[in-house]
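A structural walkthrough
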Amino acid sequence: MILFLFLTQLIVLSDKINVMKKLVILTGAGISAESGIQTFRDADGLWEGHHVMDVASPEGFAKNPELVLDFYNQRRKQLLAVKPNKAHYNLAELENYFDVEIITQNVDNLHVKAGSTNVTHLHGELLKVRSSVDENLVLDWHKDLVLGNLCTHNSQLRPHIVWFGEMVPMLDRAIEITLKADILVIIGTSMQVYPAASLINYVQRDIPIYFVDPKPSVSENDFNNLTIIKDIASSGTNALNELLKNTYIS
């Protein structure tokens, strides 16, 4: 009798695991803004005082590497001083109910610090650097990066950031993830920046899509099965979590 009950519980647990829906979440700068990380799209954004191509392109790095390194040193210091906000924690909490994968355009580590375990960084990571001659040679880096910091190939280390004009190495991985989505959520991004904006085109037909943004750039007529939560990330994800659990968790 005890063995029967034990096996029954295992079957129920297995069924719950098997039916766990794949929730793919695309995030952008808006989700980290409430942690104090500014976005270059705002009037008071990170890029103010610098032409974007001067600090975020291979040409800018070749022309003035000290400027570029200093720019990212300042961004790194800022990141080390901030914490995840309620939105980051809300998304981590969803792993209790869904098979969650986050694809982020952000270069911060706030999703990971909040507890999310499956995060794909589409545009690189601020707390990593890489070789200038070998993009696969990547190192964790939490201090200033200066001229003279060399990789094992004796070449200058650079920020592990995808700059304008560069290929997006994780794009194929992001497409693979999106193709498998049972539910797609978009938070804190205008979906106007490519190639990240193209990911929405890879979800299967009629997959439910949830868009959280205080000023949404889309309407519910733009996509099949689209629900818009017109709110900032923290309170918007409060509503999102309740809606997802009520809709998909029995």
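Data block above holds the structure.
Criteria and thresholds
- Residues numbered from 1 in each chain as written.
- Predicted model: local features only at pLDDT ≥ 70, side-chain atom pairs only at ≥ 80, totals over all residues.
- Heavy atoms only, no water.
- Helix = DSSP H or I, 4+ residues; strand = E, 2+ residues; numbered from the N terminus.
- Contact = heavy atoms within 4.5 Å.
- Areas by Shrake-Rupley, 256 points an atom, 1.4 Å probe, with all protein chains shown as cover.
- Buried < 20%, exposed > 50% of the residue type's maximum accessible area, 1.4 Å probe, protein only.
- Pairing = 2+ DSSP bridges.
- Axes fitted to C-alpha atoms, helices over the stretch in contact; angles between N-to-C directions.
- Salt bridge = Lys/Arg side-chain N within 4 Å of Asp/Glu carboxyl O.
- Core = buried A, V, L, I, M, F, W, Y, C linked by side-chain atoms within 4.5 Å.
- Arc of directions from axis to C-beta.
- Lys, Arg positive; Asp, Glu negative; His and termini not counted.
- Polar contact = N/O pair within 3.5 Å; in protein donor to acceptor, adjacent residues only side chain to side chain.

1. Looking at the overall build of the protein
Scanning the protein for helices and strands turns up 9 helices and 9 strands. Restricting to contacts in the protein with at least 6 residues of sequence separation, those with at least 24 account for 63%. When the accessible surface of the protein is split by element, carbon and sulfur atoms take 54% of a total near 13200 Å².

2. Description of unusual backbone geometry
Non-glycine residue N154 carries a positive phi angle of around 60°. Positive phi, close to 70°, is recorded for D206, a residue that is not glycine. Relative to the elements of secondary structure, D206 occurs in the loop between strand 7 (183-187) and strand 8 (209-212). For D206, a relative accessible area of 46% corresponds to the partly exposed category.

3. As for the sheet that holds strand 6 (residues 157-161)
Across the sheet, which stays open at both edges, the 3 strands sit in the order 5-4-6 with antiparallel pairing between neighbours. Edge strands, defined here as strands with exactly one partner in the open sheet, are strand 5 (138-140) and strand 6. Strand-to-strand twist of the sheet, defined as the mean angle between neighbouring strand axes without regard to direction, takes the value 45°. Pairing analysis gives 4 bridges linking strand 4 (residues 124-131) to strand 6, with the strands arranged antiparallel. In the sheet register, G124 faces strand 6, and the bridge partner there is I161. Strands in contact with helix 5 (residues 65-81) are strand 4 and strand 6; relative to strand 4, the strand with the most contacts, it is inclined by about 140°.

4. Section: the environment of L147
Relative to the elements of secondary structure, L147 occurs in the loop between strand 5 and strand 6. For L147, the contacting residues outside a window of four places in its chain are P65, E66, L69 and Q156.

5. Quick word on the pattern of salt bridges
The tally for this structure, following the rule as stated, stands at 9 salt bridges. Of the charged contacts, one joins K245 and E93 as a salt bridge, the two residues approaching to 3.6 Å between their closest N and O atoms. Here the residue K245 occupies a position in helix 9 (residues 233-248), and E93 occupies one in helix 6 (residues 86-93), the gap between them amounting to 152 residues. With a relative accessible area of 18%, K245 lands in the buried category. Since its relative accessible area comes to 25%, E93 is described here as partly exposed. Residues joined in a network through salt bridges with shared partners are K22, D99, E101 and R173.

6. Brief notes about the environment of L157
By the secondary structure assignment, L157 is in strand 6. Between the alpha carbons of L157 and V133 there is a distance of 8.8 Å; along the sequence they are 24 residues apart. Ignoring anything within four residues of it in the chain, the contact list for L157 reads F61, L69, V129, R130, S131, S132, L139, W141, L145, N149, L150 and C151.

7. Thoughts on the nonpolar core
The biggest cluster of nonpolar side chains holds 24 residues, and the ones touching the most others in it are L26, I103, L122, L184, I186 and L199. Elements with a contribution of two residues or more to this core: strand 1 (22-27), helix 8 (171-179), strand 7 and strand 8. Here the element with the most residues in this core is helix 8; it accounts for 4 residues. Contacts of I186, omitting those with residues within four sequence positions, involve L26, M191, I200, I209, Y210, F211 and V212. I37, A56, L69 and V82 belong to the second-largest nonpolar core, a separate cluster that totals 21 residues.

8. Brief notes about the sheet that holds strand 7
One key point about sheets: their strands pair by backbone hydrogen bonds, in either a parallel or an antiparallel sense. Here 6 strands make up an open sheet; going across it, the order is 3-2-1-7-8-9 and the pairing parallel. Each edge of the open sheet is held by one strand with a lone partner, namely strand 3 (119-121) and strand 9 (226-229). Looking at each pair of strands side by side, their axes are set apart by 15° on average, direction ignored. Pairing geometry for strand 8 and strand 9, over 4 bridges, is parallel.

9. Quick notes on helix 8
When we look at burial in helix 8, the residues that qualify are L171, A174, I175, I177 and T178. Buried residues of helix 8 fall within an arc of 160° about the axis and therefore sit on the same side. On the buried face of helix 8, the contacting elements are strand 1, strand 2 (99-104) and strand 3.

10. Concerning the side chain of D108
Inspection of the secondary structure puts D108 in the loop between strand 2 and helix 7 (110-114). An unpaired buried charge is present at D108: no salt bridge exists, and K113, the closest side chain of opposite charge, is 9.3 Å distant. At 2.7 Å, the side chain of D108 forms a polar contact with the side chain of S32. A polar side-chain atom of D108 sits 3.1 Å from the main-chain amide nitrogen of L110. Setting aside its immediate chain neighbours within four residues, D108 contacts S32, I37, L79 and H121.

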